[in-house]
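The residues making up each chain are set out below.
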Amino acid sequence: MNKKNPDQKSEMSSSSSSPKKQTLFILSLIILWYTSNIGVLLLNKFLLSNYGFKFPIFLTMCHMSACAILSYVSIVFLKLVPLQYLKSRSQFLKVATLSIVFCASVVGGNISLRYLPVSFNQAVGATTPFFTALFAYLMTFKREAWVTYGALVPVVTGVVIASGGEPGFHWFGFIMCISATAARAFKSVLQGILLSSEGEKLNSMNLMLYMSPIAVIALLPVTIVMEPDVMSVTLSLARQHKYMWLLLLVNSVMAYSANLLNFLVTKHTSALTLQVLGNAKGAVAVVISILLFRNPVTVMGIGGYSITVLGVVAYGETKRRFR
């Protein structure tokens, strides 16, 4: 009989355990990604609507400050990814443009959370593929197959139905939410155009490293003009609630974690997997927000959101097949 030596046995056991470790690692990343994304969304809602902290622009500036500091630590000290340098004034201006658009999307989303429940906010946010396809066509004349555009019909229809069935519908909040969604889609298309050459491409972590400080500089004067009493009210709230600063810190760190984990999940899976997980994440966020904030929902609203999510899934599938 052939007997396997101990070295062969150890090689077999290590090779069989390696895929398991990889799977466990990816699952951990996905769970952390869900936690950070949903956590920052719910904390934003809690701070802006339930806590009396009515400063969405300052809150966005806190997020961007954390992203600037933690991006620098992650890249320069922890070396999670190689540091990429901006090579020209032209590239800097392109990154600055993206930063301003990104700021607009985050500020708009945070403002909308003051007036809309998280469930409806997520329903509107699910229309991002519609705006992405629209801007891609208008800016690059890039056309998809007609069946792909057809899949966008239920995306928009679902939001229209959900709007009609939303008890907490607020016009200003809705306009800000739509604007934020459109700005997010515009940024992704613009990024593809501005940083399309091989010499100018930046991975998402390096892009965040350069975008965040620009965003802080841009948001500071806006905060001073539009939210002049932010410091006095924040200090007053901090005296009333001893966990105020901790909540702001955790919220800001989670905002960075969401971006970092978004990069890591994409790196270790694929963009398509991220898209599928993102669709499911929206549904999970809706369920958790309803349980936490007890906002009333209707069958019409749930039906509209379900149609939108199914439309987004169909859009992603048809785009993959007809690419």
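In the block above lies the structure referred to throughout.
Residues numbered from 1 in each chain as written. Predicted model: local features only at pLDDT ≥ 70, side-chain atom pairs only at ≥ 80, totals over all residues. Heavy atoms only, no water.

Turning our eyes to something else, we now look at unusual backbone geometry. A positive phi angle, close to 55°, is found at K79, a residue other than glycine. Turning to its location among the elements, K79 is positioned in the loop between helix 2 (56–77) and helix 3 (89–115). Using a relative accessible area of 62% as the deciding quantity, one classes K79 as exposed. Positive phi outside glycine occurs at F141, with the angle close to 60°. You can see F141 is positioned in the loop between helix 5 (128–140) and helix 6 (146–150). (Helix = DSSP H or I, 4+ residues; strand = E, 2+ residues; numbered from the N terminus. Buried < 20%, exposed > 50% of the residue type's maximum accessible area, 1.4 Å probe, protein only.)

Any pair of aromatic rings gets described here by the distance separating the centres and the angle formed by the planes. Summed over the entire model, instances satisfying the criterion amount to 14 aromatic pairs. Residues W33 and Y34 carry aromatic rings whose centres are separated by 5.7 Å and whose planes lie at 65° to one another, so their mutual orientation is edge-to-face. Using a relative accessible area of 3% as the deciding quantity, one classes W33 as buried. Here the aromatic rings of F53 and F55 are separated by 5.4 Å at their centres, their planes lie at 80°, and the arrangement is edge-to-face. (Phe/Tyr/Trp six-rings, centres within 6.5 Å; stacked < 30°, edge-to-face > 60°.)

With that out of the way, let us pick up the packing of helix 5 against helix 8 (residues 171–194). For the pair helix 5 and helix 8, the least separation of the axes is 8 Å and the interaxial angle reads 45°. When the interaxial angle is binned, helix 5 and helix 8 end up oblique. Where helix 5 crosses over helix 8, the handedness of that crossing is right-handed. In contact with T128, F131, T132, F135, A136, M139 and T140 of helix 5, helix 8 contributes I178, T181, A182, R184, A185, F186, S188, V189, L190 and I193. Looking at the contact of helix 5 with helix 8, its residues break down into eleven nonpolar, five polar and one charged. (Axes fitted to C-alpha atoms, helices over the stretch in contact; angles between N-to-C directions. Parallel < 35°, antiparallel > 145°, perpendicular 65-115°, else oblique. Left-handed = near helix turned anticlockwise from the far one by under 90°. Contact = heavy atoms within 4.5 Å. Nonpolar A, V, L, I, M, F, W, Y, C, P; charged D, E, K, R; others polar.)

Bringing the side chain of N44 into the picture now. Its place among the elements puts N44 in helix 1 (residues 6–50). In contact with N44, other than residues within four places in its own chain, are L59, H63, N110, L113 and N251.

What follows deals with the layout of surface pockets. In this approach the atoms are scanned with a rolling probe the size of a water molecule, which exposes any empty space left behind. What the second largest pocket holds in volume is close to 200 Å³. Forming the boundary of the second largest pocket are 17 residues, of which S119, V286, G301, I302 and Y305 lie nearest the centre. For the lining of the second largest pocket, the secondary-structure elements that each account for two or more residues are helix 4 (118–125), helix 12 (271–293) and helix 13 (299–321). Split by residue class, the lining of the second largest pocket holds eleven nonpolar, five polar and one charged. (1 Å grid on protein atoms, 1.4 Å probe; cavity = no way out; pocket = protein on both sides within 12 Å on 5 of 7 lines; lining within 4 Å. Points joined across faces, edges and corners; volume = space filled by probe spheres on them.)

Here we take up the pattern of salt bridges. Counting across every chain of the model gives four salt bridges. Taking the shortest distance from any N to any O, the salt bridge between E200 and K94 comes out at 2.8 Å. In this pair, E200 is assigned in the loop between helix 8 and helix 9 (204–226) and K94 in helix 3, connecting sequence segments 106 residues apart. Here K319 ties to E144 by a salt bridge, and the two come within 4.0 Å at their closest N and O atoms. Of this pair, K319 sits in helix 13 while E144 is found in the loop between helix 5 and helix 6, placing the two residues 175 residues apart along the sequence. Given a relative accessible area of 22%, K319 falls into the partly exposed group. (Salt bridge = Lys/Arg side-chain N within 4 Å of Asp/Glu carboxyl O.)

Let us look at the environment of N44. The buried category is assigned to N44, whose relative accessible area is 6%. Sequence separation between N44 and G150 is 106 residues, and the spatial gap between their C-alpha atoms is 34 Å. Only 3.2 Å separates the side chain of N44 from the side chain of N110, close enough to count as a polar contact. (Polar contact = N/O pair within 3.5 Å; in protein donor to acceptor, adjacent residues only side chain to side chain.)

Let us look at helix 13. An α-helical segment advances 3.6 residues per turn. Residues three or four places apart therefore align on the same side. Taking 1.5 Å of rise per residue, 23 residues should cover 33 Å, and helix 13 covers 33 Å from first to last C-alpha, within 8% of that figure. Within helix 13, burial applies to G301, G304, Y305, T308, G311, V312, Y315, G316 and T318. (Expected span 1.5 Å × (residues − 1).)

Before going further, it helps to examine helix 11 (residues 244–268). Along its 25 residues, helix 11 runs 36 Å from first to last C-alpha, staying within 8% of the 36 Å computed at 1.5 Å per residue. Among the residues making up helix 11, those that are buried are M244, L248, N251, S252, M254, A255, Y256, A258, L260, L261, F263 and V265.

The next point concerns the environment of K94. K94 sits in the partly exposed class, given a relative accessible area of 21%. Between the C-alpha atoms of K94 and A180, which are 86 residues apart in sequence, the distance is 20 Å. Aside from chain neighbours lying at most four places away, what touches K94 is L194, L195 and E200. Among the polar contacts listed, one links the side chain of K94 to the backbone oxygen of L194, at a separation of 3.4 Å.

Summed over the entire model, instances satisfying the criterion amount to zero disulfides. A disulfide-free cysteine, C67 has its sulfur positioned 10 Å from the sulfur of C103, the nearest such atom. Of the residues examined, C67 reaches a relative accessible area of 1% and is grouped as buried. Free of any disulfide, C177 has its nearest cysteine sulfur in C103, 17 Å distant. Classification of C177 by relative accessible area gives buried; the value is 3%. (Disulfide = S-S within 2.5 Å.)

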